[in-house]
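Coordinate analysis (summary)
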Amino acid sequence: MRSAAAASRKPPVSGRTGPAPHRSRFRACSTSFSSELAIIVIDLNLSKTPRSTSVRNRGIAMGNHSAAVTGMPAATRGTADPKIVILILWATVTYVLGGPGIGSGASDAMSTDDAMRLVEVRDLIAGQGWFDLTQYRLDPPGLPMHWSRVIDAPLAAMILMLRPLVGMKGAEAATLVLWPTLLFGATLIAVAATARRISDDANRDAVQLAAIVLAALSIPALVHFRAGAIDHHNFQIMLLLAFLFLTLGIERHSINAALAGVTASLSLAVGLEMVPAIAATCVAVLGLLLWRGSVVSRPTCVFGAALTASSLLLAALLLPPHSLGAPVCDAFGGPFLLLSAGGGVSLMIVAGVAWWRPATGARVAAAAATGLILFAVFFKLFSGCLAPPFAGIDPLVTSIWVDHVAESMSFQTLLLLEPQKLPGFYGFPLLTLVLTGAAVFRARPAFRFRLIAAAVTLAALTGISFWLMRGAAAANMLAAPLFPVSLATLWPARVQGRKLLFLALLASPASFAASGLAARPVIDAILKPQWTIAERDAVSSCLTVSSVAPLAALPPGRVMAPIDLGPAILAATGHSIFAAPYHRNNDGNLAMLHVMLAAPPQARQILADRGVDYVVLCRGNMEQVELSNLAPDGLAARLHRGQTPDFLQPIDHLDPSGKLAVWRVSRETPP
């Protein structure tokens, strides 16, 4: 997607003193920032292969080995310097996650989104405008992307810093490894810090150790931290954990509240995947304000102010002014700027009411009024954002592409296709959610809000994962600190030390995944799935950069190729493409499908209208097989059978492996 144990602590803050009642309401937002040191050292081990789609027994065995070698006995005996252990284990985990990708070439470990991100970063380095997110080589004359410069900027900076040392190619390769490795370390630290914040002193070290081991065994999330993973998902997971950690300390320090507001805005600026989780956490903060009133009015006001200010600042830094009124519903723009900044203002107003009028009814009325006004304005200005995210995609594109994207599958689809994988995605978050809900009632009052906020955030992520499977990655990682905390809260005298670590290993996402795979014969006998998800090799399917690199030998031109080949072609060559796996590219994807499914005369006309120079197919790509089955007399099916029409000229011996089939389009005007 390392490690750490507490080096020094500050005494817990048992109380706080608020300003005198006669002071101005604006003093409720004034912040007395206090420094807070939390250095967390946790031991871990991990075995995970980036390309694996199943849980290996070796991974679980190494997890047990880690518990035996670096678990509680070492922590209690104090015979090893924790900092030395951190460095050793961090290096081990880095190798396990990055080693396979480095061995085969980090660029070939990239997904389609990773390849497109690299192309976007290259364009930025080459001088493309900061506010210009158009990918000019996608569906010429270009397609505006829905991604953010928040990720492009640090990647470009890292490449530029390394370029004088190892050259451009070496700098890119190093960045493909360093970026996910650093984010994985930050994620593990955030998991450990969150576990520490919501656990009591008596069992804190054991809870941290169990949490970090669970995070290291969060199989659905680890794919986002492999070598080559420069897309935004890993950054989003890390930001969400940091946001939750800061929010859980909102009662203690205003600095936590301010930083929580900033991390929430930053996450929204990167992408909208975490909107439900962030919204759920913000609702929990509002609930805290309604519940405790003036006691927490200052930090909640600071949180609202930071959320508003950082949202406006990020909008100024990332968005051209003329775009703020546009109904951009799939990225950070006017609609979600309104919700984030308006939500922050609403919190400030409710905090001000809580400061002046202690009555609960006044706070509830203020919250209801500001909320209704905010949503009324949103619905009035941006009602189109209520439509499903893929509503604008042509049904043909949906049936051939969207319905086959694994991360977009729902719980119901996975149940029909591969039910044995359900435990690995959903078992651990659901179990943790039940335990956390029970722990709320057993927790001491000082920890109750923290458990409630964490529980509603996990509930939001788990709910999203039932609709879109990609939500399971963040849900499993977020559940890692909550599971041991809940066990230690429910059974403080029984679940300690090695017992807690053993239960964590037993209930880890890896164990759930292994149990599902082991029970596959029984599951298949009961549910009798009629279909399954075809496992495809990235190399034989021509999805890797090296697979399409031979196309770089051709003069730059416009390439008509299957959807999933698009990003790799952009990354490996100077060609332009029409099809790529992005929902905004409805026109280009539809053009490719019409060409491949049409009879030769119609296909020739479309190719001429689009100015296509090359047609490219991959003999091992499942999309080619599906296109041939859909239209047996279409262009794709004819080419698959070796029936080349007269307007296409085969380019032989371009790819020594024989996977790519390439034709040059004749420039003669069709009759």
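Residues numbered from 1 in each chain as written. Predicted model: local features only at pLDDT ≥ 70, side-chain atom pairs only at ≥ 80, totals over all residues. Heavy atoms only, no water.

Comments concerning unusual backbone geometry
With an omega of 15°, the peptide bond between Pro 140 and Pro 141 qualifies as cis. By the element assignment, Pro 141 lies in the loop between strand 1 (134–135) and strand 2 (143–144). Unlike most non-glycine residues, Asp 139 shows phi in positive territory, near 50°. Given the relative accessible area of 8%, Asp 139 is considered buried. Of note, the phi angle at His 653 is positive, near 60°, even though the residue is not glycine. Considering the arrangement of structural elements, one finds His 653 in the loop between strand 6 (648–650) and strand 7 (660–665). Since its relative accessible area comes to 82%, His 653 is described here as exposed. (Helix = DSSP H or I, 4+ residues; strand = E, 2+ residues; numbered from the N terminus. Buried < 20%, exposed > 50% of the residue type's maximum accessible area, 1.4 Å probe, protein only.)

Focus on the nonpolar core
Counting residues in hydrophobic clusters, the biggest one holds 149 residues, and the most contacted among them are Phe 235, Ile 237, Phe 303, Leu 551 and Leu 565. For Phe 235, the contacting residues outside a window of four places in its chain are Val 150, Ile 151, Trp 179, Leu 183, Leu 266 and Val 270. Ranked by size, the runner-up nonpolar core spans 29 residues in total, among them Ile 400, Ala 579, Leu 593 and Ala 598. (Core = buried A, V, L, I, M, F, W, Y, C linked by side-chain atoms within 4.5 Å. Contact = heavy atoms within 4.5 Å.)

Brief notes about the pattern of salt bridges
Considering all chains together, one arrives at 13 salt bridges under this definition. Here Arg 292 ties to Glu 251 by a salt bridge, and the two come within 2.5 Å at their closest N and O atoms. Of the two residues, Arg 292 sits in helix 10 (residues 275–292) while Glu 251 sits in the loop between helix 8 (233–248) and helix 9 (254–270), which places them 41 residues apart along the sequence. Accessibility expressed as a relative area gives 18% for Glu 251, which makes it buried. Among the ionic pairs, Arg 470 bridges to Glu 407, the shortest N-O distance being 3.5 Å. Pair noted here: Arg 470 is in the loop between helix 17 (445–467) and helix 18 (471–490) and Glu 407 is in the loop between helix 14 (395–400) and helix 15 (411–417), with a separation of 63 residues, a long-range link. (Salt bridge = Lys/Arg side-chain N within 4 Å of Asp/Glu carboxyl O.)

Topic: the environment of Asp 609
As for its placement among the helices and strands, Asp 609 is situated in helix 25 (residues 600–610). The class for Asp 609 is exposed, based on a relative accessible area of 58%. For Asp 609, the side chain forms a polar contact with the side chain of Gln 605, separated by 2.9 Å. (Polar contact = N/O pair within 3.5 Å; in protein donor to acceptor, adjacent residues only side chain to side chain.)

Description of the pairing of strand 7
A large share of strand 7 lies buried, amounting to 5 of its 6 residues. Pairing geometry for strand 6 and strand 7, over 3 bridges, is antiparallel. The residue bridging Pro 650 from the neighbouring strand is Trp 663, located in strand 7. (Pairing = 2+ DSSP bridges.)

Points about a nonpolar patch on the surface
Taken together, Leu 415, Val 522, Ile 526 and Leu 527 make up a surface patch of nonpolar side chains, about 370 Å² in accessible area. A total of 3 residues in the nonpolar patch trace back to one element, the largest contributor, which is helix 21 (residues 520–527). Since its relative accessible area comes to 44%, Leu 527 is described here as partly exposed. (Patch = residues over 30% accessible without salt bridge, like charges linked within 9 Å, V, L, I, M, F, W, Y side chains within 5 Å. Areas by Shrake-Rupley, 256 points an atom, 1.4 Å probe, with all protein chains shown as cover.)

Quick notes on the environment of Arg 520
The residue Arg 520 is located in helix 21 in this model. Residue class for Arg 520 comes out partly exposed when judged on its relative accessible area of 34%.

Thoughts on the packing of aromatic side chains
Using the criterion set out here, one finds 12 aromatic pairs in the structure. For the ring pair Trp 179 and Phe 235, a centre distance of 6.0 Å and an interplane angle of 20° mean the geometry is stacked. Separated by 56 residues along the polypeptide, Trp 179 in helix 5 (residues 149–197) and Phe 235 in helix 8 bring together distant segments of the chain. For the pair formed by Trp 179 and Phe 235, the shared burial category is buried. Pairing Phe 425 with Tyr 426 gives two aromatic rings, centres 6.5 Å apart and planes at 55°, and the pair type is tilted. Residue class for Tyr 426 comes out buried when judged on its relative accessible area of 3%. Counting every residue linked through ring pairs, the aromatic cluster contains Phe 375, Phe 378, Phe 379 and Phe 382. Here the guanidinium or amino end of Arg 197 rests over the ring plane of Phe 245, the centre of that ring lying 4.0 Å away. The residue whose ring lies beneath Arg 450 is Phe 447, and the NZ or CZ to ring-centre distance is 5.0 Å. (Phe/Tyr/Trp six-rings, centres within 6.5 Å; stacked < 30°, edge-to-face > 60°. Lys NZ or Arg CZ within 6 Å of the ring centre and 35° of its normal.)

Here we look at the confidence of the model for the protein chain
Atomic detail in the predicted coordinates should be set aside for any region of low pLDDT. For the protein chain, the average pLDDT comes to 83, and 83% of its residues sit at 70 or higher. Confidence over residues 1–86 falls short of pLDDT 50; this stretch has 175 contacts with residues more than four positions distant or in other chains. (pLDDT = per-residue confidence, 0-100.)

Side note on the state of the cysteines
In total, this model carries 2 disulfides according to the counting rule given. Disulfide pairing places Cys 329 opposite Cys 385 at an S-S distance of 1.9 Å. Because the sign of the S-S torsion sets the handedness, a value of about -75° for the bond joining Cys 329 and Cys 385 places this disulfide among the left-handed ones. A residue pair is termed long-range when its members are at least 10 positions apart, and Cys 329 in the loop between helix 11 (297–318) and helix 12 (334–356) and Cys 385 in the loop between helix 13 (360–381) and helix 14 qualify at 56 residues. (Disulfide = S-S within 2.5 Å.)

Some words on the packing of helix 8 against helix 9
Where helix 8 meets helix 9, the closest approach of the two axes is 8 Å, and the angle between their N-to-C directions is 155°. The orientation of helix 8 with respect to helix 9, classified from their angle, is roughly antiparallel. Here helix 8 and helix 9 pass one another in a crossing that is left-handed. Across from Phe 235, Gln 236, Leu 239, Phe 243, Leu 246 and Thr 247 in helix 8, the residues of helix 9 making contact are Asn 256, Leu 259, Ala 260, Thr 263, Ala 264, Leu 266, Ser 267 and Val 270. (Axes fitted to C-alpha atoms, helices over the stretch in contact; angles between N-to-C directions. Parallel < 35°, antiparallel > 145°, perpendicular 65-115°, else oblique. Left-handed = near helix turned anticlockwise from the far one by under 90°.)

Some details on helix 26 (residues 622–630)
Within helix 26, burial applies to Glu 623, Gln 624, Leu 627 and Ser 628. One side of helix 26 holds all its buried residues, which, seen down the axis, span an arc of 135°. Along its buried surface, helix 26 packs onto helix 14, helix 24 (586–597), strand 5 (614–618) and helix 27 (635–640). (Arc of directions from axis to C-beta.)

Remarks on the pairing of strand 5
Along strand 5, 5 of the 5 residues are buried, which leaves the element largely enclosed by surrounding structure. What you see with strand 5 is no split at all: Tyr 614, Val 616 and Cys 618 on one side and Val 615 and Leu 617 on the other are buried throughout.

Points about the side chain of Ser 410
Considering the arrangement of structural elements, one finds Ser 410 in the loop between helix 14 and helix 15. A residue is classified by how much of its surface remains accessible, and Ser 410, at 18% relative accessible area, is buried. Ignoring any residue separated from it by four or fewer positions in sequence, one finds Ser 410 in contact with Tyr 426, Phe 466 and Trp 467.

Points about the sheet that holds strand 4 (residues 576–577)
The strand order 4-3-5-7-6 describes an open sheet built from 5 strands, whose pairing is mixed. The open sheet is flanked by strand 4 and strand 6, the only strands paired with a single partner. Pairing geometry for strand 3 (residues 558–560) and strand 4, over 2 bridges, is parallel. The residue of strand 4 that forms the bridge with Arg 558 is Ser 576. Its contacts with the sheet place helix 24 against strand 3 and strand 5, and it is angled at close to 60° to strand 3.

Brief notes about the environment of Arg 137
Structurally, the position occupied by Arg 137 is in the loop between strand 1 and strand 2. With 18 residues separating them in the primary sequence, Arg 137 and Val 119 have C-alpha atoms 9.9 Å apart. Reaching out from Arg 137, the side chain makes a polar contact with the backbone oxygen of Leu 570 at a distance of 2.9 Å.

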